[in-house]
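Here is what each chain is made of, one letter per residue.
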Amino acid sequence: MQSIEEKLQSIFSDYTEQDIELVANAQSLDEIGIDSLSIVEIIFDIEEAFDIKIPDESVLQKQGYSFSNYRDILTLVSDLVKQEHENV
Amino acid sequence: MSDAIVVSGMGCISAAGNNVAQFCANLFQPTLANFIAPTLIQKPDENSYFLAAQVKDYYANEHFTKQQLKLLDPFAQFALLSAEQAIADAKLAINASNQHRISVVHGTSIGGQETIEQAYAQLFAQGKSRTHPFTVPKLLPSSACGHIAMKYGIKGPTFATSSACSSSGHAIAMATLMLRSNLIDYAIVGGAEACLTPGNFYAWHGLRVLAHDSCRPFSKNRSGLVMGEGAASLVLERESTAKNRGATCYAKLVGIGMSSDAHNIVQPLAQGAEQAMIAALKDAELSPSDIDYINAHGSGTTQNDTTESAAILSVFNDANAPFVSSTKGTHGHMLGAGAALEAIAAILALEKQTVPATANFVEKDPNCNINLVANNKVAAKLSHVMSNSFAFGGLNTSLIFQR
């Protein structure tokens, strides 16, 4: 079974041709050529792949999360998947 | 008229041809081929077949990238392809010097129907809790115009027209008015429809207007209409502009007529159709006897065919009855794209000095006492041709082209 990180990398690979090291270290999604249109698609893909719901940006901010780069997204997705498991 | 509006480019994709050359060859061949076939609609509990005029040999991924297709409903794909052909045909160079003086006016009856149906299937049949984030930008009826404008950097007035089966007739009329008033120098006009979707078939089936065997306009014991998909685009400009840049002029668009029945949402009224034809004649400063051929709306429904025949008989007197044909038996009823494709058919008739035939005609209908060209094309001297489009809601357009 794929790990969360592997699944997330697979999703990102559909939207950027950059090497995963670069993707992981980029400070912003813009830096790796991901525009705002692709971000909404990535959110959709993540929700479908992990069966989770990503809250709106304002809610994320209040909870101390961000969707601004790969590392932040990995943290968010890992926490949401964990919460989902706890709820089941 | 001081400076006529001319057609300098044409493009189309339809069941009867994926470009104007193919369409022309199919429309004027000695024996009309059949481009209409049953289409399988699968539902969980049953399979059904509906007659459809489907575009053939079309593979979206040969024309668009995976990324582009995420944002393009089939109707927008067809619109882009027909516009691309028309712009190339017109040899129109679009650049910083003219991009603000070019308009895109493209009509559609229903817009992104496939996108809507897919999203609804996900939500209401597959139990999903979300739809793809591009559902809205894909389904918008105006998305085709936006994509054409983006592709070519067109920055003038750009909008969609929607008046059911007259949508692209209104698009052509609106652009003509903008050209006449010097708001713009060029217009990319037309219409697109990708209506051969399961939900749409059942919706039209509910109206009991779909043909079960063939589409035979103006023929007694007709069976109804056959939906078709595709798109058609034309480049319009003033004659002086076209001459200055050495563009080919396929025809002059000399008259536009528009009217509303203000009567019934599905039942047409002859007076409304008459009013549109009379308005077009008046606009062109022509008399009825000047019209040599009418490309009728001729949908193949009893209500349209008898009403349109009555309207034609009322406007045109017996002595100089123009030839009439409906080409819908060949390319199907392309709803919002119909008027634009039939405008091209009318222009091709002028070019070839031949009236295209009404396919599948079997028996004369005493309620359609018009000078119908049935089954076989007719060579004739054609100076002025009219193209009619009459839509649900009684929304009518009539266009007159001159050689």
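Residues numbered from 1 in each chain as written. Chains lettered and ligands numbered in written order. Predicted model: local features only at pLDDT ≥ 70, side-chain atom pairs only at ≥ 80, totals over all residues. Heavy atoms only, no water.

Draft legend 1. The side chain of B:His170, seen in detail. By the secondary structure assignment, B:His170 is in helix H7 (residues 167-180). By relative accessible area, B:His170 is classed as buried at 15%. (Helix = DSSP H or I, 4+ residues; strand = E, 2+ residues; numbered from the N terminus. Buried < 20%, exposed > 50% of the residue type's maximum accessible area, 1.4 Å probe, protein only.)

Draft legend 2. Representation of the packing of helix H10 (residues 270-284) of chain B against helix H11 (residues 302-315) of chain B within the structure. Residues and elements named next belong to chain B. Viewed as axis vectors pointing N to C, H10 and H11 meet at an angle of 45°, and their least axial separation amounts to 8 Å. As the angle between them shows, H10 and H11 are arranged oblique. Both H10 and H11 take part in a crossing whose hand is right-handed. Note on element contacts: H11 touches H10 through Thr-307, Ala-310, Ala-311, Ile-312, Ser-314 and Val-315, opposite Ala-270, Ala-273, Glu-274, Met-277, Ile-278 and Leu-281. The residue makeup of the contact of H10 with H11, split by class, is nine nonpolar, two polar and one charged. (Axes fitted to C-alpha atoms, helices over the stretch in contact; angles between N-to-C directions. Parallel < 35°, antiparallel > 145°, perpendicular 65-115°, else oblique. Left-handed = near helix turned anticlockwise from the far one by under 90°. Contact = heavy atoms within 4.5 Å. Nonpolar A, V, L, I, M, F, W, Y, C, P; charged D, E, K, R; others polar.)

Draft legend 3. Just the interface of chain A and chain B, in detail. Contact with chain A, which involves eight residues of that partner, is made by nine residues of chain B. Between chain A and chain B, a total of about 840 Å² is buried, with carbon and sulfur atoms accounting for 53% of that surface. The interface formed by chain A and chain B contains four salt bridges. The salt bridge partner of A:Glu48 is B:Lys128, with a shortest N-O separation of 2.7 Å. For the pair chain A and chain B, the interface holds six residue pairs in polar contact (both at pLDDT 80 or more). A breakdown of the residues in the side of chain A that touches chain B according to their chemical character gives five nonpolar, no polar and three charged. (Buried area = accessible area lost by both parts, 1.4 Å probe. Salt bridge = Lys/Arg side-chain N within 4 Å of Asp/Glu carboxyl O. Polar contact = N/O pair within 3.5 Å; in protein donor to acceptor, adjacent residues only side chain to side chain.)

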